[in-house]
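# Topology and contacts: notes
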Amino acid sequence: MFCRQCEQTANPCTKLGVCGKQPDTAYLQDLLTYALQGLATYAKEALKESSQTQNVMKRINKFTVEALFATLTNVNFDSEAIKNFIYEAVKLRDELKQMGFKVQETESCKFQPADNLQELVKQGEEANQKIFHSSSNEDVQSLKEITLYSLRGIAAYTDHAQILGQEDEKVYAFIYEALDAMQRNGDLDFWLNMVLRAGEINLRAMELLDAANTGRYGHPVPTPVPLGHKKGKAIVVSGHDLRDLELLLQQTEGKGIYVYTHGEMLPCHGYPELKKYKHFYGHYGTAWQNQQREFAQFPGAILMTTNCIIKPQESYKDRIFTTGVVGWTGVKHIKDKDFTPVIEKALELPGFTEDKEDKTVMVGFARNSVLSVADKVIELVKAGKIRHFFLVGGCDGAKPGRSYYTEFVEKTPKDTIVLTLACGKFRFFDKELGSINGIPRLLDVGQCNDAYSAIQIALALSKAFNVSVNELPLSLILSWFEQKAVAILTTLLYLGIKNIRLGPTLPAFVSPNVLKVLVDNFGIKPIKTAEEDLKDILR
């Protein structure tokens, strides 16, 4: 196998994924990507004839983002599920072929999948070479990979948004265009432009998801979330999908089961339409990489929505369930959103045997909440009571070096504000940083996709101070792990935001020359130590 798409890569992973992905599954995911390229060549043309192809393209749009999402790190480890995606991609491609669209065919347009898993894996090995060794120019190859990983992040956000009825044809059109382009020639300038366009499209995808979430569940409001638990039966929900959580809350109402969040579901407690469920109690555990230990200790059922699943331990494998695009061989998958099996399992299990009081954490500081006190914030800045803003967030992970983010936040001066988002917050989410004239020094903006909210806050402040975002007393200190973080980084580059500090390590798929371009044009910096970086920023 050859996989280097995440921060924890062995650069690359060749025998076994650090994430637990087996080589056969890795090759099948590469073959799925290859099959999607062939589908994209036809879909790109079919989308132009939307009046004639509306029904078929609606199915293909939905399928494509789900299939791309399934190739993202820590989402789907089930080879049978990936095999079915491959067959469906070819079936849909051939459906478009039969409609007579004229395209410049590539090899993937003619690809026919084998009829057994072993032969499919061999085809996947060939696809791996075509995708990840398609250019003799390492800089072009690097930019192609950045684009591909961005597409996977874009697909994740697009999938969440379309589930709640928010779509934009421009997003699908770019996905097809970029997948098709990966099979063709293109120079350095072409692929640099493609990377920035990916950032532009990801901004739109996050905007759609923001509209979807706030349109259905209301704008998040500041909310204390207990880290303890209530005596009684329990279900913990991990991942990112708000609709899955809503459906589970509806189906568990009145059944004597408390529902807890885990990982990036923590910000869900701030949404008014989710807060109204009385049995939606608190938050359990921390970030995704700790789930094996935390889930083993949880006395109830577990529901994984979207990423980030890792290999379930035998101690809880019979009580963990997946839904949506998530999959793990041998784990019960809920296809139809009827969570009865999850509920029945929770009722069988002991649950928590007593109440436990613990500290609380605050969530709900998305753009509406922050901008509602913008006048006060601006006054505090002008009065010198707020010296600087730090956005410290992104993905968490198990690789050494991430204690940097805890140290950084702990060492921020008392006249500074820390905004945070995504699971990177779990390095410091329960720290007591105090407040400045009633405004908490630690503000949880939300999930990784809520980078859109953070961007809107920055744009609003830049407008209020009549300066560019890069002139604000604002520094971005980001941690990355997987492909949604790559997509967000391309969005920040598209917006021209400079001097981002990135860690704990730089992406293995960024070539030295591409890195030089990012450093020269955007001022991207690898993190050093908390003390050095704080001194440099505040100087």
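You'll find the structure just up there.
Presented here is an overview of the structure given in this document. Throughout this description, residue numbers start from 1 for each chain and increase along the sequence as written. Restriction of local features to residues with pLDDT of at least 70 applies here, the model being predicted, together with a cutoff of 80 or more for giving and counting side-chain atom pairs; totals for whole chains, interfaces and linings are based on all residues. As a convention, hydrogens and water are excluded, and side-chain values are obtained from all of the structure's heavy atoms.

### Thoughts on helix α18 (residues 512-522)
Short version of the rule: Here the term buried applies to any residue with accessible area under 20% of the maximum for its type, exposed to any over 50%, and partly exposed to those in between, with areas from a 1.4 Å probe on protein chains only. Under the DSSP-based scheme used, a helix requires at least four consecutive residues in state H or I and a strand at least two consecutive residues in state E, with every element numbered from the N terminus. Think of the arc as the fan of directions from the helix axis to the C-beta atoms. By definition, residues are in contact when any of their heavy atoms lie within 4.5 Å.
Those residues of α18 that fall on the buried side of the exposure criterion are V514, L518 and F522. Angular distribution of buried residues about the axis of α18 spans 45°; they occupy a single face of the element. Set apart from the buried face of α18 by more than 90 degrees, the exposed residues are P512 and D520. Structurally, α18 contributes buried residues whose contacts are with α6 (138-163), α8 (188-217) and α17 (483-494). Following α18 by one or two positions, G523 has its phi on the positive side, about 65°.

### Topic: unusual backbone geometry
With an omega of -15°, the peptide bond running from N11 to P12 counts as cis. Position of P12 relative to the elements: it lies in the segment before α1 (23-46). Looking along the chain, the bond that leaves G503 and enters P504 is cis, with omega of 5°. Residues other than glycine seldom take positive phi values, yet N437 does so here, at roughly 50°. Take N437: it is sitting in the loop between β11 (435-436) and β12 (439-440).

### Section: the packing of α6 against α17
For clarity, the threshold we go by: The axes are straight lines fitted to the C-alpha atoms, using for helices just the contacting stretch, and the angles between their N-to-C directions are given from 0 to 180°. Our angle categories are set so that under 35 degrees counts as roughly parallel, over 145 as roughly antiparallel, 65 to 115 as roughly perpendicular, and the remainder as oblique.
The N-to-C vectors of α6 and α17 enclose an angle of 105°; their axes lie 7 Å apart at closest approach. If you check the angle between α6 and α17, you find them roughly perpendicular. Across the interface between the two elements, I146, Y149, S150, R152, G153, I154, A156 and Y157 from α6 touch Q483, K484, V486, A487, I488 and T490 from α17.

### Observations concerning the sheet that holds strand β3 (residues 257-261)
Strand pairing in a sheet relies on backbone hydrogen bonds. The paired strands run either parallel or antiparallel. To keep it simple, the criterion reads: Strands are treated as partners if at least two bridges between them are detected by DSSP.
Here six strands make up an open sheet; going across it, the order is β4-β3-β2-β5-β6-β7 and the pairing parallel. Lying at the two open borders of the sheet, with one neighbouring strand each, are β4 (280-283) and β7 (332-334). Direction aside, neighbouring strands of the sheet carry axes that sit 30° apart on average. Bridge count between strand β2 (residues 233-238) and β3: five bridges; the pairing is parallel. Paired with V236 across the strands is Y260, a residue of β3. Strands β2, β3, β4, β5 (301-305) and β6 (320-323) of the sheet are contacted by helix α9 (residues 242-252), whose axis makes an angle of about 165° with β3. Sheet contacts for helix α12 (residues 340-348): β2, β3, β5, β6 and β7; angle to β2, the most-contacted strand, approximately 135°.

### So, the pairing of strand β8 (residues 360-363)
Residues of β8 alternate between two faces, with V361 and V363 buried on one and T360 and M362 left unburied on the opposite face. Pairing of strand β1 (residues 223-226) with β8, which is carried by four bridges, proceeds in the antiparallel orientation. Paired with T223 across the two strands is V363, which belongs to β8.

### Focus: the nonpolar core
Stated formally: We call a set of buried Ala, Val, Leu, Ile, Met, Phe, Trp, Tyr and Cys residues a nonpolar core when their side-chain atoms join them within 4.5 Å.
Core analysis: the biggest nonpolar cluster contains 132 residues, and L36, M57, I60, L96, L151 and I154 have the highest contact counts within it. Per-element tally for this core: the top contributor is α1, with 13 residues. Not counting the four nearest positions on each side in its chain, L36 is found in contact with F63, T64, A67, L68, A89 and L179. A212, V237, C268 and A301 belong to the second-largest nonpolar core, a separate cluster that totals 26 residues.

### What to know about the sheet that holds strand β9 (residues 388-394)
Read across the sheet, six strands follow the order β13-β10-β9-β14-β15-β16 without closing on themselves; strand pairing throughout is parallel. The open sheet is flanked by β13 (442-446) and β16 (525-526), the only strands paired with a single partner. The strands touched by helix α15 (residues 403-411) are β9, β10 (416-421), β14 (474-479) and β15 (501-503); relative to β14, the strand with the most contacts, the crossing angle is about 155°.

### Considerations on helix α19 (residues 530-538)
Turning to α19, its buried residues number three or more, namely A530, D533, L534 and I537. The buried residues of α19 all sit within an arc of 100° when viewed along its axis, so they share a single face. Residues of α19 that are buried in the fold lie against β9, α15, β14 and β15.

### Details of the packing of aromatic side chains
Worth spelling out the cut-off: Two rings belonging to Phe, Tyr or Trp (six-membered ring only in the last case) form a pair when the distance between their centres is within 6.5 Å. Interplanar angles under 30 degrees mark stacking, angles over 60 mark edge-to-face geometry, and anything in between is tilted. Here, a charge over a ring is recorded when the distance from Lys NZ or Arg CZ to the ring centre is within 6 Å and its angle to the ring normal is within 35 degrees.
A complete count under the given rule lists 20 aromatic pairs for this structure. For the ring pair F2 and F132, a centre distance of 6.0 Å and an interplane angle of 40° mean the geometry is tilted. Of the two residues, F2 is situated in the segment before α1 and F132 in helix α5 (residues 117-132); the sequence distance between them amounts to 130 residues. There is no split in this pair, since F2 and F132 are both buried. Both rings, one in Y404 and one in Y405, keep their centres 4.9 Å apart while their planes meet at 85°; by these two values the pair is edge-to-face. Following the ring pairs from residue to residue traces out a cluster consisting of Y258, Y260, Y281, Y284, F298 and F352. The ring centre of F426 lies 5.8 Å from the NZ or CZ of K425, which sits over that ring.

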